[in-house]
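# Per-entry structural report
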Amino acid sequence: MVDFKSYEDRRAYLLYLIIHKYPLSRKQLAQKFNCEEHTITRMINDLRFHKKYPIRYSKSLKRYVLVEDEQ
């Protein structure tokens, strides 16, 4: 389990996991961050809409991806 001091730290680590292609579902991410799945959704939406990262969930890969990563 990872201990985070701030929301920004959590969000930055979430982005790191997505960029480096860690195969984690929303449920697994919530367990890793010790939070609710809704919090993961909120952080991903923040990265998508406020920070402008092209993130989406790939059903075939079963993980969040940057759109340019998917082929």
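Residues numbered from 1 in each chain as written. Predicted model: local features only at pLDDT ≥ 70, side-chain atom pairs only at ≥ 80, totals over all residues. Heavy atoms only, no water.

### Thoughts on the overall build of the protein
Across its full length, the protein holds three helices and two strands. Ordered by position from N to C terminus, the α and β elements of the protein give α-α-α-β-β. Classification of the 71 residues of the protein by burial places 35% in the buried group. Looking at the protein alone, contacts between residues at least 24 apart form 45% of all its contacts between residues at least 6 apart. Carbon together with sulfur atoms contributes 49% to the accessible area of the protein, which is approximately 5,000 Å² in total. (Helix = DSSP H or I, 4+ residues; strand = E, 2+ residues; numbered from the N terminus. Buried < 20%, exposed > 50% of the residue type's maximum accessible area, 1.4 Å probe, protein only. Contact = heavy atoms within 4.5 Å. Areas by Shrake-Rupley, 256 points an atom, 1.4 Å probe, with all protein chains shown as cover.)

### Section: the nonpolar core
By size, the foremost hydrophobic cluster in this structure holds 16 residues, and its most contacted members are Leu14, Leu29, Phe33, Ile40 and Ile55. Elements represented by at least two residues in this core include exactly α1 (7-19), α2 (26-33), α3 (37-49) and β2 (63-66). Not counting residues within four places of it along the chain, the set of residues in contact with Ile55 comprises Leu15, Ile18, Ile44, Leu47, Arg48, Tyr64, Val65 and Leu66. (Core = buried A, V, L, I, M, F, W, Y, C linked by side-chain atoms within 4.5 Å.)

### As for α1
Its 13 residues place the ends of α1 18 Å apart at the C-alpha level, agreeing with the 18 Å of an ideal helix rising 1.5 Å per residue. The set of residues buried in α1 consists of Arg10, Arg11, Leu14, Leu15, Leu17 and Ile18. Taken end-on, α1 shows its buried residues confined to a sector of 160°, consistent with a single buried face. In this structure, the buried side of α1 is in contact with α2, α3, β1 (55-58) and β2. (Expected span 1.5 Å × (residues − 1). Arc of directions from axis to C-beta.)

### Considering the side chain of Arg11
Within the secondary structure, Arg11 sits in helix α1. What makes Arg11 buried here is its relative accessible area of 14%.

### Remarks on the pattern of salt bridges
For the structure shown, the criterion picks out two salt bridges. A salt bridge links Asp46 to Arg11, with the nearest nitrogen and oxygen atoms 2.2 Å apart. Placement of Asp46 in helix α3 and of Arg11 in helix α1 is noted, with a sequence separation of 35 residues between them. As far as burial versus exposure is concerned, Asp46 and Arg11 are alike and both buried. (Salt bridge = Lys/Arg side-chain N within 4 Å of Asp/Glu carboxyl O.)

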